[in-house]
Amino acid sequence: MVKKWWKESVVYQIYPRSFMDSNGDGVGDLKGIISKLDYLKNLGVDVIWLCPVYESPNDDNGYDISNYQSIMSEFGTMKDWEDLLAGLHDRGMKLIMDLVVNHSSDEHAWFVESRKSKDNPYRDYYIWRSGKDDPEGDGVTEPNNWGSFFSGSAWQYDEATAEYFLHIFSKKQPDLNWENEKVRKEVYDMMTWWLDKGIDGFRMDVINLISKVPGLPDSKEGESGFINGPRVHEFMQEMNREVLSKYDVMTVGETCDVTPDDAILFAGEDRGELNMVFQFELMGIDSGPTGKWGVAPWKLSEFKKIVSKWQVELQGKAWNSIYLNNHDQPRLLSRFGNDGEHHSVSGKMLATLLHTLQGTPYIYQGEEIGMTNVRFESIDEYKDIETLNMYREYRDNGHDHSAIMNSIYAKGRDNARTPMQWNDEANAGFTTGTPWLAVNPNYKEINVESALADEGSIFYYYKKLIELRKRHDVIVYGEYVLVDAENEQIYAYTRTLGKEQLLVILNFYEHPARFVLDREKVSFDSNTAELLISNYDVPADQDIDQLILRPYEARVYKLT
Ligand code: TEU
Ligand code: CA
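An unreviewed UniProt entry lists the protein under the name oligo-1,6-glucosidase, from Fontibacillus solani. The protein has a UniProt comment under Catalytic activity (unreviewed entry) that states "Hydrolysis of (1->6)-alpha-D-glucosidic linkages in some oligosaccharides produced from starch and glycogen by alpha-amylase, and in isomaltose." Regarding the protein, the relevant UniProt record gives this comment under Subcellular location (unreviewed entry): "Cytoplasm".

Right, here's the structure in full:
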C-alpha cells in the first residue's frame, strides 16, 4: 500500500450555511469560517471539505449551481474565499471543494439557453426528450418511469419547446448530459480553474450517476438506468487524465448503491480514477424495506458484517472513507449512540470506531462536540427540500401525520443542518440575527465553549484520537481483523502493521457486556499491553480474560 497524505489525513466537513455567520444575516458565511480556523487547527484536522459556496438559487442549499466559478453573495466574495484558502494553507491545512456536476441549477446560463429552442447550441448540454403517448389518455406522458430522489417524476415538462427535461433531484437541478463532450470539457476546464487557484482536491457529488443507460429505458427492479452507468468509468478516467493527474490532490466520490467491487473500480490504487468513495451501506441499516424514510431497529451483528466486509475487501486494493454522518444524514450520536443518559460516553465510543478503522475519517461539523438530532414541533420549521417534498407526498397519500414526523425526526437532513453551537448565548453564538434554520434547543448544554472548558469533553477525545493517528502508522495502514465476532454487544477488532498491533474493544450498548478474548487470535500480555485511549478510567490490574465493559465503554490497547 503506497503512503499518501490523504490516507494519513483527517477530514472535517463544513456546511457553510450553518457553520458561522459573521454579518448577522442569519446565514453562515466564509468570513465566519475564517474566524474559526484556529478552532479547527486546535482540533487537529488536516483537510477541510467545504460544501458548495458557488452562486446558487439555494433550491437545494447550494447543490444547484448557477455559476461554478463565482461565490454565492450570501457566503461572501471570491476575495473572502481566497482569504479562507490562505488561512487554511498558512495553518498547514488543506481545502477540498464540492464538485456538483451531475446537474446544474436551472438558472445556470447553460440551461437558460438550452431551454430556449431545440436547435439552441446548448440544447444538448442537458437531457431533453419528447413525452410518449399516454396509454391511459390522449395526451403525452413522461419519457420513462424514472423517479426523483426528491419525490415525484424525474421529468419536468417545459412548455417553451414542448419537451421534458431530466432531473433526478429537484426540478431546479436539471441533469447535465455527460454524453456531450462539450459538457465534459466545460467541467474539466472549471476543475482546472479551481485547482490552479490552489485547492487540494474535490468531493464529487453523486458522481456515479453521471452516465445514463442509452435510450433511457424504464427502470426495473435493481436497474435504475443511471446508477454506475455504462460509461461512468470511462468518464472518470478521462477526468483523471485531463485534470486530476496533473495535480497532487485528493478526490472522494459520493457513490450511492456501490458494493466493495464497484468501489475498487472507482478507487482502486491503479485505476486512475478516484482516491476513495463514500459508500452508503450503513446509512440504510435502520431503514427496513421502505427505504430512506423507514425507521427500523438495527443490529450490531449487521453493522459489524457491513464494516468488516468493506475493511477486508478493500484491504490492499482501494482506500476506505470512514464516516457515520454528514449534511444529508441524521447525527451519528442520536442514530448509533445514545443522546440521552449516555451522551458523552457513546459519542466517544463512536469516535473511537471512526478513528481506529482502516480509512480516512470524516468529521461532520458539530460531531466533535456531540451535537444531536433535533425535533421541531411544526413542519414549518423544516427547510430541506427533500423533507418538505416527502411531507407533501406522504400527506397527500394519506400517511399518518405522527408517522411522517417520526420519519423526519429520525432521518431528515435538517438534523445535521441546525447551526453550529458555539456557546450558550442567543442562537448558540452562531448569529446575532435570526438563523436561517432554528438552533437545536440543547445548545445551552452542548456547545464549543463548554467543550473547550471541559478536559473530559468529546472534543478533547476527538483531539486525542487524531493525535494518536499521527503517532501510530498502524492506525492508518494496519490490517483489520474482526475478533469476538459472535458478540452481539461488543465490536472488537485488531489492526496490525508489521510488529505493531492494536486491539479495539467497543461496547455498543447501555448495559455492561463481557468481552471474550480469543487467545488463538490475539496474544495479550497484560505486562506489556498499553492502554492508548478509553472513555472511562480503566483500573490498571484489569484481567482481560474476564473483561466486563461498562455502558458504551471503548478501549484501544497497543499490544506490541
Ligand atoms: O446527495 C446525494 C443523495 O442521494 C442524497 O440525496 C442522499 O442520498 C439523501 O439525501 C439521503 O437522505 C448529494 C448531496 O450530498 C445532497 O446534499 C444533494 O441534495 C444531492 O446530492 C443533490 O445534489
Ligand atoms: Ca452571514
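A.B. asks: Describe the sheet that holds strand β9 (residues 155–158), listing the residues and the values that go with them.
C.D. replies: As summarised here, the arrangement of the three strands in space is β6-β10-β9, forming an open sheet in which the pairing is antiparallel. The open sheet terminates on both sides in strands that have one partner only, identified here as β6 (128–129) and β9. Here two bridges tie β6 to strand β10 (residues 163–166), and the two strands are oriented antiparallel to one another. Residue pairing for β10: W128 is matched across the bridge by F165.

A.B. asks: Account for empty space enclosed by the protein, naming residues and giving values.
C.D. replies: For the structure on display, the rule yields four cavities of 30 Å³ or more. Each pocket or cavity is described by its volume, and for the largest cavity that value is around 150 Å³. Lining the largest cavity are 14 residues, with Q279, L282, S321, I322 and Y323 positioned closest to its centre. Elements with a contribution of two residues or more to the lining of the largest cavity: α8 (300–314), β14 (319–322) and α10 (343–354). It is α8 that contributes the most residues to the lining of the largest cavity, four residues altogether. For the lining of the largest cavity, the class distribution of residues is 10 nonpolar, four polar and no charged.

A.B. asks: Help me get a handle on the site of ligand 1, residues and values and all.
C.D. replies: Around ligand 1, the structure places 18 residues, and the nearest of them are D60, D205, K292, D328 and R413. Here an oxygen atom of ligand 1 and a side-chain polar atom of H103 are 3.0 Å apart. Taking D205, its side chain carries an N or O atom lying 2.8 Å from an oxygen atom of ligand 1. Contact with the protein chains covers 95% of the free accessible surface of ligand 1, which is 490 Å². Applying the majority rule of atoms within 2 Å of the grid points places ligand 1 in the largest pocket.

A.B. asks: Run through the packing of α10 against helix α14 (residues 458–471), naming residues and quoting values.
C.D. replies: Across the interface, α10 lies against α14 with an axial gap of 10 Å and an inter-helix angle of 15°. Taken together, the axis directions place α10 and α14 in an arrangement best described as roughly parallel. Crossing of α10 over α14 shows right-handed handedness. In contact with H343, S344, G347, K348, A351, T352 and L354 of α10, α14 contributes I458, Y461, Y462, L465 and R469. Taken together, the residues that form the contact of α10 with α14 break down as six nonpolar, four polar and two charged.

A.B. asks: Outline the environment of H103, supporting the account with residue identities and numerical values.
C.D. replies: Looking at where H103 falls in the secondary structure, it is placed in the loop between β5 (94–99) and α4 (109–114). Note on H103: relative accessible area 2%, which makes it buried. Through-space distance from the C-alpha of H103 to that of W146 is 16 Å; in sequence the pair is 43 residues apart. Excluding its chain neighbours within four sequence positions, the residues that come into contact with H103 are Y63, Y68, F169, Q173, P174, D175, L176, D205 and V206. Of the polar contacts made by the side chain of H103, one reaches the backbone oxygen of Y63; its length is 3.2 Å.

A.B. asks: Describe the coordination of the calcium ion (ligand 2), with residues and values.
C.D. replies: Reference geometry at the metal: tetrahedral coordination by four donors gives ideal angles of 109.5 degrees; octahedral coordination by six donors gives 90 or 180 degrees. The coordination sphere of the calcium ion (ligand 2) contains the protein donors D21 (OD), N23 (OD1), D25 (OD), V27 (O) and D29 (OD), at a distance range of 2.2 to 2.4 Å. Between consecutive donor residues of the calcium ion (ligand 2), the sequence gaps follow D-x1-N-x1-D-x1-V-x1-D. What makes D21 buried here is its relative accessible area of 4%.

A.B. asks: An account of helix α11 (residues 385–396) is requested, with residue identities and associated values reported.
C.D. replies: Here α11 contains 12 residues, and its C-alpha end-to-end distance of 16 Å stays within 8% of the 16 Å for a straight helix at 1.5 Å per residue. Every buried residue of α11 is listed here: I385, E386, T387, N389, M390, Y391 and Y394. Buried positions along α11 lie against α12 (401–411). Among the residues trailing α11, G398 stands out with phi positive, at a value near 80°.

A.B. asks: Go over helix α3 (residues 78–90), please, and point to the residues and values.
C.D. replies: An ideal rise of 1.5 Å per residue puts 18 Å on 13 residues; α3 measures up with 18 Å between its terminal C-alpha atoms. Taken residue by residue, α3 has D80, W81, L84, L85, G87 and L88 as its buried positions. Axial view of α3: buried residues confined to an arc of 160°, hence all on one face. Each element contacted by the buried residues of α3 is listed here: α1 (30–34), α2 (37–43), β2 (47–50), β4 (67–71), β5 and α5 (181–196). Where α3 ends, the next residue or the one after it, G92, has phi of about 75°, a positive value.

About the criteria used
- Residues numbered from 1 in each chain as written.
- Chains lettered and ligands numbered in written order.
- Predicted model: local features only at pLDDT ≥ 70, side-chain atom pairs only at ≥ 80, totals over all residues.
- Heavy atoms only, no water.
- UniProt positions renumbered as here; feature names shortened; annotations may be inferred.
- Pairing = 2+ DSSP bridges.
- Helix = DSSP H or I, 4+ residues; strand = E, 2+ residues; numbered from the N terminus.
- 1 Å grid on protein atoms, 1.4 Å probe; cavity = no way out; pocket = protein on both sides within 12 Å on 5 of 7 lines; lining within 4 Å.
- Points joined across faces, edges and corners; volume = space filled by probe spheres on them.
- Nonpolar A, V, L, I, M, F, W, Y, C, P; charged D, E, K, R; others polar.
- Near = heavy atom within 4 Å.
- Polar contact = N/O pair within 3.5 Å; in protein donor to acceptor, adjacent residues only side chain to side chain.
- Areas by Shrake-Rupley, 256 points an atom, 1.4 Å probe, with all protein chains shown as cover.
- Sits in = over half its atoms within 2 Å of the grid points.
- Axes fitted to C-alpha atoms, helices over the stretch in contact; angles between N-to-C directions.
- Parallel < 35°, antiparallel > 145°, perpendicular 65-115°, else oblique.
- Left-handed = near helix turned anticlockwise from the far one by under 90°.
- Contact = heavy atoms within 4.5 Å.
- Buried < 20%, exposed > 50% of the residue type's maximum accessible area, 1.4 Å probe, protein only.
- Donors = N, O, S within 2.8 Å, 3.2 Å for Na, K, Ca; no water.
- Expected span 1.5 Å × (residues − 1).
- Arc of directions from axis to C-beta.

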